[in-house]
Amino acid sequence: EDLGVRHRLWVYSGRRGVHCWVCDDAVRKWSPALRAAAVEYLSLVKVGARGARNPLPTPGPSEGGLMGAWAPPDPAEHGFMGVWAPPDPAEAQHREPLQAEFPKKKDSAQRWELLRGRAERTRASGRGAALGPCYADWEVMLQFCFPRLDVNVSKGLGHLLKSPFSVHPKTGRVSVPLDLQRLDQFDPFAVPTITSLCRELDAAGSDGEQEDGGETEPKRRARDYKRTSLAPYVRLFEQFVEGMESARRGERIRRSDLHGDF
């Protein structure tokens, strides 16, 4: 949204990643330098050669841009405590008291609540005008939860890309589009695999032979996918393409009106 991008198709990689296919005409014509600049803008967390993470900007709920999208969840409800980490090195003055208290807590959930409570008290009192307010808890969550972007894939015009509906060679899962309106219901382990699709197609073929005995083989096979678990994902892709086509028609009409063409 910050970059004015409209046509974005989010696709599960089939293993651990997510691809964002940006299909705006203007963006597809960007140079590698522009693409690299966009990735740099979107990268809040950077890991160095020794694994050290760069300090994050101190976020605030009223800030715009990327930080304006930050809505701190309740870590207890979203399973964040499983990836708990110590506070940022900038909070060194709080580290020793926290380390003394941590062994007294029975699990990571209680330790996280201790860290968050200390950060909130420090934030409320202020830690000095020179340093600004303390956002150690936000920074820890962003360090572990904010996506890592693949710079080379994003900026390289000649880089190989894995297209939607291809099959991941290690997991056998199909790379399927994601429905952002139902993202909380998406289960990566329930995605169709090449094996499950073969079974579903065999079953669909047997049923089709009984129902449509007079139909030709190529025509029957062309619609067999609609009887498999891949059908809703194909429909998502079709809706995305239809949206692009509609926007392109609207843009052509707008340009025609501007130039007085009929």
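What counts and what doesn't
- Residues numbered from 1 in each chain as written.
- Predicted model: local features only at pLDDT ≥ 70, side-chain atom pairs only at ≥ 80, totals over all residues.
- Heavy atoms only, no water.
- Helix = DSSP H or I, 4+ residues; strand = E, 2+ residues; numbered from the N terminus.
- Contact = heavy atoms within 4.5 Å.
- Areas by Shrake-Rupley, 256 points an atom, 1.4 Å probe, with all protein chains shown as cover.
- Salt bridge = Lys/Arg side-chain N within 4 Å of Asp/Glu carboxyl O.
- Pairing = 2+ DSSP bridges.
- Core = buried A, V, L, I, M, F, W, Y, C linked by side-chain atoms within 4.5 Å.
- Buried < 20%, exposed > 50% of the residue type's maximum accessible area, 1.4 Å probe, protein only.
- pLDDT = per-residue confidence, 0-100.
- Disulfide = S-S within 2.5 Å.

*Asks:* Would you explain the overall build of the protein in this entry?
*Replies:* If you tally the helices and strands in the protein, you get 11 helices and 2 strands. Listing the helices and strands of the protein from first to last along the sequence gives β-β-α-α-α-α-α-α-α-α-α-α-α. Contacts in the protein between residues far apart in sequence, at least 24 positions, make up 57% of those at least 6 positions apart. If you sum the accessible surface of the protein, you get close to 17200 Å²; carbon and sulfur atoms cover 54% of it.

*Asks:* I would appreciate a short explanation of the pattern of salt bridges in the present structure.
*Replies:* Side chains bearing opposite charge may pair, as long as their charged atoms lie close to each other. Counted under the stated rule, the structure contains 8 salt bridges. Ionic pairing is found between Arg255 and Glu251, a salt bridge with its closest N-O pair at 3.0 Å. Linking Arg255 with Glu251, this pair stays in helix α11 (residues 231-259), spanning 4 residues, or about one helical turn. Among the charged side chains, a salt-bridge network with shared partners connects Asp25, Arg28 and Arg248.

*Asks:* I keep staring at the pairing of strand β2 (residues 18-22) and nothing clicks. Help me out?
*Replies:* Regular strands show a simple pattern: their side chains alternate between the two faces of the sheet. Looking at chain direction, strand β1 (residues 8-12) and β2 are connected through 5 bridges and run antiparallel. Across the sheet, Val11 pairs through a bridge with His19, a residue of β2. Here β1 hands over to β2 after 5 residues, with Gly14 in that stretch at a positive phi of 100°.

*Asks:* Is there a simple way to explain the nonpolar core in this structure?
*Replies:* Within soluble globular proteins, side chains that are nonpolar generally end up buried alongside one another. Tyr12, Val174, Val176, Leu178, Val191, Leu197, Leu230, Tyr233 and Val234 together form the largest nonpolar core, which totals 9 residues. Counting residues in hydrophobic clusters, the runner-up holds 8 residues, among them Leu98, Phe102, Leu114 and Met141.

*Asks:* Looking at this model, I keep getting lost on the confidence of the model for the protein. Mind explaining?
*Replies:* As a note on interpretation, predicted positions should not be read in detail where pLDDT is low. On average, residues of the protein score 77 in pLDDT, and 69% of them are at 70 or above. When pLDDT is averaged over each helix and strand of the protein, the minimum, 44, is found for helix α4 (residues 75-78) and the maximum, 95, for β1. pLDDT under 50 marks residues 58-62. Its contacts with residues more than four places away, or in other chains, come to 10 contacts. Contacts from residues 75-87, a stretch scored under 50 in pLDDT, to residues over four places away or in other chains number 29 contacts.

*Asks:* What is the right way to read unusual backbone geometry from this model?
*Replies:* Across the chain, the bulk of peptide bonds are trans and the bulk of non-glycine residues have phi less than zero. The phi angle at Phe165 is positive, at roughly 75°, despite the residue not being glycine. Mapping Phe165 onto the fold places it in the loop between α8 (151-155) and α9 (194-211). Residue class for Phe165 comes out partly exposed when judged on its relative accessible area of 26%.

*Asks:* I would appreciate a short explanation of the state of the cysteines in the present structure.
*Replies:* In protein chemistry, a disulfide is the covalent bond that joins the sulfur atoms of two cysteines. Scanning the entire structure with this criterion turns up 0 disulfides. Considering cysteine sulfurs only, Cys23 is the nearest to Cys20, which forms no disulfide, with 8.6 Å between them. Judged by relative accessible area, which is 17%, Cys23 ranks as buried.

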